[in-house]
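Observations on the model geometry
Here's the letter readout for the chains.
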Amino acid sequence: MSPVSHGASRRLLLAGALAAVSAAVTGCSSGEATASGGSRRLRIGYFAFPSGDLLVKNRKLLEKELPDYHVTWIKFDSGAAVNQAFLGKSLDIAALGSSPFARGISGGSPIPYKVAWVLDVAGENEALVARKGSGIADVAGLKGRTVATPFASTSHYSLLAALRAAGLKPSDVKLVDLQPQAVLAAWQRGDIDAAYVWLPTLDELRRSGTQLTSSKEIGAAGKPTLDLAVVSDDLIARDPRAIGSWRRAQARALRLLRSDPDGSVAAVAAELGISAADARAQLRQGVFLTPEQVASPAWLGTGGVPGKLLTYVTDTARFLAEQGQLDTAPAEDTVRKAFYLKGLPDDLK
């Protein structure tokens, strides 16, 4: 794969931002975009991925916190599309993987957003799977084979880390940039030999494939990935109260995952259109922190001081630069400025 310069890719993102977002929000009238009736608006980007975020959406926890707001939930398929939407100023808050976040804050014109929450830590819910009968028994066996993953995603980052650990360079395999549904279609056609992707597509691949490694294993080896939540600089400036309310809704969802597992399963099943059994199995594969863990030195940080997430994001950016995915990695101080910790831990009460 020939790396595209970060500056060039940023220009491409800017050029495609409005088109990508207009497609994502098809069906929303201009009146809704500006919040009907004069109420304040919040545009939330989310993934169809088992997490507390789906509980917030399904149970309308944010709407209960902010009854006078017009909340619009917009589904995305990848972190790259989320980054495009923020460049197009079409999102206020969104889920975003740690790898695309590291990309977003790199370069001379970083995306105007900040990380404000940790949704989950990648575990067995993201993994590398090879087709059964392909003769691929381990990651080293991918040499010369076709491997798909959504570029600029946490799965892409984990795949690069897995290849390097196996002594392979990205150029040793044929990397194909495909979104999850396209990964499944290519797998079913026999166009690819392996794929690194997340749930629920991952489970479909496992039915006819062999798992080679997972983000849980790669994280344990020093390359963790996380699903974060970012807020726009514009929202921070104009409505920080809404961010506090949103954090409280997310904290409640994380507590519900533990205190009401059956209800959580039902909410995720409804959002994903799957059975309760499948939703339960998928939730078990993720790693969900407590709200207190999120707002602690071990993860996001608190009291205005970033936690270990600062190191994780900085290391991710450096790794991506080493792999030719970024022109240069941002300095730790630049990463530090991309944290929004104001309000923590009080927002959890």
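Residues numbered from 1 in each chain as written. Predicted model: local features only at pLDDT ≥ 70, side-chain atom pairs only at ≥ 80, totals over all residues. Heavy atoms only, no water.

Regarding the sheet that holds strand S8 (residues 194-198)
The strand order across the open sheet formed by 5 strands is S7-S6-S8-S5-S9, and the pairing between neighbours is mixed. The two strands at the open ends of the sheet, each matched to only one other strand, are strand S7 (174-177) and strand S9 (209-214). Sheet twist, expressed as the mean angle between neighbouring strand axes with direction ignored, is 25°. Here 2 bridges tie strand S6 (residues 146-149) to S8, and the two strands are oriented parallel to one another. Directly across from Val147, in S8, lies its bridge partner Ala194. Against the sheet, helix H7 (residues 154-165) contacts strand S5 (126-131), S6, S7, S8 and S9, and its axis sits at roughly 135° relative to S8. Lying over the sheet, helix H8 (residues 180-189) contacts S5, S6, S8 and S9, oriented at roughly 150° with respect to S8. (Pairing = 2+ DSSP bridges. Helix = DSSP H or I, 4+ residues; strand = E, 2+ residues; numbered from the N terminus. Axes fitted to C-alpha atoms, helices over the stretch in contact; angles between N-to-C directions. Contact = heavy atoms within 4.5 Å.)

Considerations on the pairing of strand S2 (residues 69-76)
The element S2 is largely enclosed, with a buried count of 6 among its 8 residues. Alignment of strand S1 (residues 40-47) against S2, held across 8 bridges, turns out to be parallel. By the bridge assignment, Phe47 is partnered in S2 with Phe76. (Buried < 20%, exposed > 50% of the residue type's maximum accessible area, 1.4 Å probe, protein only.)

Overview of the sheet that holds strand S4 (residues 113-121)
Either a parallel or an antiparallel arrangement is found when strands of a sheet pair, and the pairing is made through backbone hydrogen bonds. What the 5 strands build is an open sheet, ordered S2-S1-S3-S10-S4; its pairing is mixed. Both outer strands of the open sheet, S2 and S4, are each paired with one neighbouring strand and no more. Pairs of neighbouring strands in the sheet enclose a mean axial angle of 25°, with direction left out of account.

Description of unusual backbone geometry
Leaving glycine aside, a negative phi is the common case for residues, and trans is the common case for peptide bonds. Omega for the bond connecting Leu199 with Pro200 falls within 30 degrees of zero, at 0°, which places this linkage in the cis form. Here Pro200 lies in the loop between S8 and helix H9 (201-206). Following Leu344, the chain continues into Pro345 via a peptide bond in cis, with omega recorded as 5°. Structurally, the position occupied by Pro345 is in the segment after helix H17 (332-336). Phi is positive for Lys60, close to 55°, though the residue is something other than glycine. With respect to the element layout, Lys60 can be found in the loop between helix H3 (52-58) and helix H4 (61-65). A positive phi angle is found at Lys89, which is not glycine, with a value near 55°. Relative to the helices and strands, Lys89 is located in the loop between helix H5 (79-87) and strand S3 (93-97). With relative accessibility at 63%, the residue Lys89 sits in the exposed group.

Some details on helix H14 (residues 276-284)
Listing the buried residues of H14 in full gives Ala279, Gln282 and Leu283. End-on, the buried residues of H14 take up no more than an arc of 100°, which puts them together on one face. Every exposed residue of H14 that faces more than 90 degrees away from the buried side is listed here: Ala277 and Arg284. Summarising the contacts, the buried residues of H14 are in contact with H9, helix H12 (240-259) and helix H13 (261-272). (Arc of directions from axis to C-beta.)

A few points about the pattern of salt bridges
Think of it this way: side chains of opposite charge can pair up when their charged atoms draw near. Summed over the entire model, instances satisfying the criterion amount to 21 salt bridges. In this structure, the salt-bridge partner of Glu271 is Lys57, at a minimum N-O distance of 3.0 Å. With Glu271 in helix H13 and Lys57 in helix H3, the pair connects residues that are 214 residues apart, well separated along the chain. When the shortest N-O distance is used, the salt bridge between Arg238 and Asp234 registers 2.7 Å. Taken together, the residues span about one helical turn, with Arg238 and Asp234 both in helix H11 (residues 233-238) at a distance of 4 residues. Asp234 sits in the partly exposed class, given a relative accessible area of 45%. (Salt bridge = Lys/Arg side-chain N within 4 Å of Asp/Glu carboxyl O.)

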